[in-house]
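Geometric and topological summary
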Amino acid sequence: MKLTPGLPTPYYLIDENLILKNLQIIKKIKDLSGCKVLLAQKAFSSFYFYPLLSQYLDGTASSGLFEARLAHEHFGKEVHVFTPGFKEEEFHDVLKYSDHLVFNSNSQLIRFKERALKAKKTIGIRINPEVSTQTGNSMYDPCSPTSRMGIKIQDINPTLLDGVSGFHFHTLCQQNADALETTLKEVEKKFGKYFSKLKWINFGGGHHLTRANYDIPKLVKLIRYFKDKYQMDVYLEPGEAVVLNAGFLISKVLDVTKNDVEIAILDASATCHMPDVLEAKFIPPVTTADPKGAHIVRLSGATCLTGDDIGIYRFANPLKVGDTIVFEDMALYTIVKNNTFNGIPLPSIYARKLDGKDVLVKAFDYSHFKGKLS
Ligand SMILES: *Cc1c(COP(=O)(O)O)cnc(C)c1O
């Protein structure tokens, strides 16, 4: 990829043409299936891009008051809020900024339902279909044993469903339509007896809609089946898929050292700038890496955390101080999660506009580090 020379590193570069490519796939899914698609802001809340996103999407999924407010201020359209715990002190403001509220438990429903209905909000409950379609990492499996996410069928209290017009589940993570199909069979079998009371169902996020091998025809079939059979609106609320492969993190090599393995120290950090590399054990692609290259290098951050390693890569040539390293797929779960641990500066944010020009969206300095300390 071609970089604008001389921009100070590290910086995230979010490419509007790559976002647009994803949005066009999502538009096709919407056109074929008649579903509505929300942006899950927890993956990507860079509101500079909301005017572009809101042309294609129907609204946002928010995780609480602040995301709901951001959506209300910058996205418009439908604001849906789900949180495992609405807070008494915030609820008045949540109602101000949102249209649809999803409750995670019977006790939350009892506590807030009447106020939400009085404020003319649409309300739903999150259900736990108890069908794990992913193995390995319970961190990302809301159906894992003892999960706090959603109400199980055995705990549904029909008398509490008065006024509830939607069900919501979110059980997938980076998955294809076959996992959704498995989940929907279980959802229908367990919860189908209540569907006649509902106006909408939200299939959550985790649908990897925009990746190359995603089975769009199967997804469309599943959505249409639900819409036609039960006369419900169907929502999807992907985060990742909206900005999949649409961002980069550009960094520079500060030093090259050796301890049995070759190590390059970068001005970008796993723990500060791409925490999912450590949390989700994700090794981001590097544009100049060469799987057949002779030089094996561990790329690491310049923090004092020993485990601040991004991954082990192969390069055709040895790395040297001043080289540029570009990480791919850096729009999702990066800017929303980054931090100034160790006094490491936040990367600035650039947008690559539709005409190919790079513009600075925001730069950060010492005041942003100091500002949240005291
Ligand atoms: C995280 C989350 C999403 C988005 O998930 P992706 O994997 O980014 O698509 C959607 N809905 C809920 C409730 C979530 O917690």
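Residues numbered from 1 in each chain as written. Predicted model: local features only at pLDDT ≥ 70, side-chain atom pairs only at ≥ 80, totals over all residues. Heavy atoms only, no water.

Description of the sheet that holds strand S3 (residues 59–62)
For clarity, the cut-off: In short, DSSP must find at least two bridges between two strands for them to pair. The numbering of helices and of strands both runs from the N terminus, where a helix is a DSSP run of H or I of at least 4 residues and a strand a run of E of at least 2. To obtain an axis, a line is fitted to C-alpha atoms, over the contacting stretch when the element is a helix, and the angle between two such axes runs from 0 to 180 degrees between their N-to-C directions.
Reading around the circumference, S2-S3-S4-S5-S6-S7-S8-S9 is the order of the 8 strands in this closed barrel, with parallel pairing throughout. If you compare each strand with its neighbour and ignore which way they point, the axes differ by 25° on average. Relative to strand S7 (residues 164–168), strand S6 (residues 122–126) runs parallel, the two being bridged by 4 bridges. From the neighbouring strand, Gly 124 faces S7, where its bridge partner is Gly 166.

Quick notes on the site of the ligand
The test is simple: Near residues are defined by distance, with any heavy atom within 4 Å of the molecule or strand qualifying the residue. Counted as a polar contact is a pair of N or O atoms within 3.5 Å, where, for protein atoms, one must be capable of donating a hydrogen and the other of accepting one, and residues adjacent in sequence contribute only when both atoms are in side chains. Residue burial considers only the protein chains on display, and all accessible areas are found by Shrake-Rupley using a 1.4 Å probe. Classification used: nonpolar for Ala, Val, Leu, Ile, Met, Phe, Trp, Tyr, Cys and Pro, charged for Asp, Glu, Lys and Arg, polar for all others including Gly.
The full set close to the ligand counts 13 residues, and Lys 42, Gly 206, Glu 237, Gly 239 and Tyr 333 are the nearest of them. One of the backbone nitrogen or oxygen atoms of Glu 240 is found 2.9 Å away from an oxygen atom of the ligand. Here an oxygen atom of the ligand and a side-chain polar atom of Tyr 333 are 2.6 Å apart. Within the complex, the protein chains bury 89% of what would otherwise be the 380 Å² of accessible surface of the ligand. Its residues assigned to classes, the shell around the ligand comprises 4 nonpolar, 5 polar and 4 charged.

Some points on the nonpolar core
Keep this limit in mind: The term nonpolar core refers to a set of buried residues drawn from Ala, Val, Leu, Ile, Met, Phe, Trp, Tyr and Cys, joined through side-chain atoms within 4.5 Å. Exposure categories follow from relative accessible area, calculated using a 1.4 Å probe and restricted to protein chains: below 20% of the type maximum is buried, above 50% is exposed, and the middle band is partly exposed. The split of the chain into domains comes from an automatic or database domain assignment. When checking whether two residues touch, look at their non-hydrogen atoms; a contact exists if any pair is within 4.5 Å.
Counting 98 residues, the largest nonpolar core has Leu 299 and Phe 327 as the members making the most contacts within it. Ranked by residue count, the leading element in this core is helix H7 (residues 216–230), at 7 residues. Taken domain by domain, the makeup of this core includes at least three residues from each of domain 1 (34–242) and domain 2 (247–330 + 338–371). If we skip the residues at most four places from it in the chain, Leu 299 touches Ala 264, Leu 266, Val 286, Asp 309, Ile 310, Gly 311, Tyr 313, Phe 315, Leu 319, Ile 325 and Phe 327.

What about the side chain of Thr 271?
Looking at where Thr 271 falls in the secondary structure, it is placed in helix H9 (residues 270–273). A residue is classified by how much of its surface remains accessible, and Thr 271, at 16% relative accessible area, is buried. For Thr 271, the residues in contact, after removing those within four places along its chain, are Leu 278, Thr 303, Leu 305, Asp 308, Asn 339 and Phe 341.

As for H7
We apply this condition: What a helix should span is 1.5 Å times the count of its residues minus one. The directions from the helix axis to the C-beta atoms form the arc being described.
Taking 1.5 Å as the rise per residue, H7 with 15 residues should run 21 Å; its terminal C-alpha atoms sit 21 Å apart, in good agreement. Listed as buried for H7 are Ile 216, Leu 219, Val 220, Leu 222, Ile 223, Phe 226, Lys 227 and Tyr 230. Down the axis of H7, the smallest arc covering the buried residues is 165°, so these residues share one side. Summarising the geometry of H7, the exposed residues directed more than 90 degrees from the buried face are Pro 217 and Lys 221. Contact partners of the buried residues in H7: helix H1 (16–33), helix H6 (177–191), strand S8 (200–202) and strand S9 (233–236). Where H7 starts, the residue carrying a side-chain oxygen 3.1 Å from the main-chain nitrogen of Lys 218 turns out to be Asp 215. One or two positions beyond H7, positive phi appears at Gln 231, with a value near 55°.

Function cannot be read off these values alone, since they describe shape.
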